[in-house]
Amino acid sequence: MAFPEQLLSMTRRTIHHVRHHWARQEFLLLLLIGLGAGSVWGFIALADEVVEGETHAFDMFIMLAMRNPADHADPLGPLWFEETMRDITSFGSTFGLVFVSLTVIFWLVLTKRPHAGLLVFASLAGGAIVVNALKYGFSRPRPDLVAHSAEVFTTSFPSAHAAMSATVYLTLGALVMRFSKGRALKLYALFVAVLLTILVGLSRVYLGVHWPTDVLAGWAIGAAWATFVWVVALWLQRRGRIEPSGVQSEEAVAPAAKE
């Protein structure tokens, strides 16, 4: 008679686990939708102010605060710091982001997570399309207040370095969080993603190639796109069309099966 009781107990635990899992998924989905909507609203509000010229005083104040008062062509700090900021800004360059993204995509494919790899590709490609369309639409000139300490080839608003860094690094950070166990590892992944995004954006203002509002807008639209990608990912996961967070590759499962 013990077997039916064990089966009933196991069934109850399973139902409780599933209900708890879906409750967490619903909360996460609502949180992501809220963050995405807030980011879009922030971008729209900022863009409206920029178009009306209301942010010019703020932009000038922040940019000049990073320059030598006696020579606006000279960024504050020693030469090694200026060179370090150029190194940091390369983390948001097209080559850097494409290289990192492709490296992760191939790793995901090789570890039997092709749909997660497709997610990263969609984040990169879709983000690039959105950002460049916005740049073309606004066509804001680059800052002429100070000398540029890095080469630029496109218009200014929003900052592609800031936007694409937010898109790619936040997506990768969320990906690492999903495949990591333990709160400390998850928080560490999120911290690194946010830190890289912030540093890249600040470097663009320091080097004089973007107004501060360009960077703020880039962060907003990048975060919005990354959030949108992850809302889609959660929806596809619930429909069974993308690997769940606990998925393991066949190579990882095989040794355990042999034991």
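All values reported here derive from a predicted model rather than from experimental measurement. (Residues numbered from 1 in each chain as written. Predicted model: local features only at pLDDT ≥ 70, side-chain atom pairs only at ≥ 80, totals over all residues. Heavy atoms only, no water.)

Colleague: Please set out the overall build of the protein chain residue by residue, giving values where relevant.
Modeller: When its secondary structure is counted, the protein chain shows 9 helices and 2 strands. Listed by position from the N terminus, the elements making up the protein chain come as α-α-β-β-α-α-α-α-α-α-α. The 259 residues of the protein chain split such that 39% are buried. Intrachain contacts of the protein chain at a sequence separation of at least 6 include 78% that bridge at least 24 residues. If you sum the accessible surface of the protein chain, you get close to 15200 Å²; carbon and sulfur atoms cover 71% of it. (Helix = DSSP H or I, 4+ residues; strand = E, 2+ residues; numbered from the N terminus. Buried < 20%, exposed > 50% of the residue type's maximum accessible area, 1.4 Å probe, protein only. Contact = heavy atoms within 4.5 Å. Areas by Shrake-Rupley, 256 points an atom, 1.4 Å probe, with all protein chains shown as cover.)

Colleague: Let's hear about the pattern of salt bridges: which residues, and what values?
Modeller: Applying the stated criterion across every chain yields a total of 4 salt bridges. Among the salt bridges present, the one from Asp-59 reaches Arg-140, with a minimum N-O distance of 3.0 Å. In this pair, Asp-59 sits in helix H2 (residues 56-65) while Arg-140 sits in the loop between helix H5 (114-138) and helix H6 (160-178), placing the two residues 81 residues apart along the sequence. Take Asp-59 and Arg-140: they sit in the same class, and that class is buried. (Salt bridge = Lys/Arg side-chain N within 4 Å of Asp/Glu carboxyl O.)

Colleague: With reference to specific residues and values, describe the packing of aromatic side chains.
Modeller: Under the defined criterion, the tally for this structure stands at 7 aromatic pairs. Aromatic side chains Phe-95 and Phe-99 sit 5.9 Å apart centroid to centroid with 20° between the ring planes, which places their arrangement in the stacked category. Note that Phe-95 and Phe-99 are positioned in helix H4 (residues 94-110) at a spacing of 4 residues, about one turn of the helix. For the pair shown, Phe-95 and Phe-99 are each scored as exposed. Between Trp-225 and Phe-228 the ring centres are 5.2 Å apart and the planes differ by 35°, which places this aromatic pair in the tilted class. Taken together, the residues span about one helical turn, with Trp-225 and Phe-228 both in helix H8 (residues 212-238) at a distance of 3 residues. (Phe/Tyr/Trp six-rings, centres within 6.5 Å; stacked < 30°, edge-to-face > 60°.)

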